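# Structural features, examined
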Amino acid sequence: MRRGQTDRDDLYGNEVSGELGWTKAVLLEAADISAKTFDVIRKTARVRGPSHGGLSWIFNVEDMFTLIRVAEGGRFTERGKPAAAAWRTLMTEAGVKFPGE
């Protein structure tokens, strides 16, 4: 297990300690984007992530809010908006409400 990571039940973030999160693998699959595109969005959002690969890296709810905000922004209009919509769906299914909605 990498530094900063904790034991998780499954890829969908049902953590043993109760904190919700999603793995990089789940986010890539849901958004149907490449790891390179995801990493560009993540780095632009300044969200901490794996140094290389790291499909089991968990992104928490706050990270997801930031990723979605950046993906919906002007720089990623073609690839980001569909990814953000898919991630919003994942979060909604988990019962997470977005700030201001």
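This section reports on the structure supplied with the text. Not measured: the values here are computed from a predicted model.

### Examining the packing of aromatic side chains
One pass over the structure, following the stated rule, counts three aromatic pairs. Between Phe38 and Phe59 the ring centres are 5.4 Å apart and the planes differ by 70°, which places this aromatic pair in the edge-to-face class. Placement of the pair is Phe38 in helix H2 (residues 35–45) and Phe59 in strand E2 (residues 58–60), with a sequence separation of 21 residues. When its relative accessible area of 0% is taken as the criterion, Phe38 is described as buried. You can call Phe59 buried: its relative accessible area is 0%. Three or more aromatic residues joined by ring pairs make a cluster, and in this case those are Phe38, Phe59 and Trp87. The ring of Phe98 carries the charged tip of Arg88 above its face, separated from the ring centre by 4.2 Å.

### Things to note about the environment of Val96
In this structure, Val96 sits in the segment after helix H4 (77–93). Put simply, Val96 and Leu20 are 76 residues apart on the chain and 9.3 Å apart in space, counted from C-alpha to C-alpha. Ignoring anything within four residues of it in the chain, the contact list for Val96 reads Leu20, Trp22, Val61, Phe65 and Met91.

The rules behind these values
Numbers given to residues run from 1 along each chain, matching the order in which its sequence is written. For a predicted model such as this one, the threshold for reporting local features is a pLDDT of at least 70, and the threshold for listing and counting side-chain atom pairs is 80 or more; totals across whole chains, interfaces and linings nevertheless cover every residue. Only hydrogens and water are removed before side-chain values are computed, so all heavy atoms of the structure are retained for them. Aromatic rings from Phe, Tyr and Trp, taking only the six-membered ring of Trp, are treated as a pair when their centres fall within 6.5 Å; an angle between ring planes under 30 degrees marks them as stacked, one over 60 as edge-to-face, and anything in between as tilted. Secondary structure elements are taken from DSSP: a helix is a run of H or I of four residues or more, a strand is a run of E of two residues or more, and numbering for both begins at the N terminus. Burial classes follow relative accessibility: with a 1.4 Å probe on protein chains only, a residue under 20% of its type's maximum area counts as buried, one over 50% as exposed, and anything between as partly exposed. The criterion is that NZ of a Lys, or CZ of an Arg, lies within 6 Å of the ring centre and within 35 degrees of the ring normal, and then a charge sits over that ring. Contacts: residue pairs with any heavy atoms within 4.5 Å of one another.

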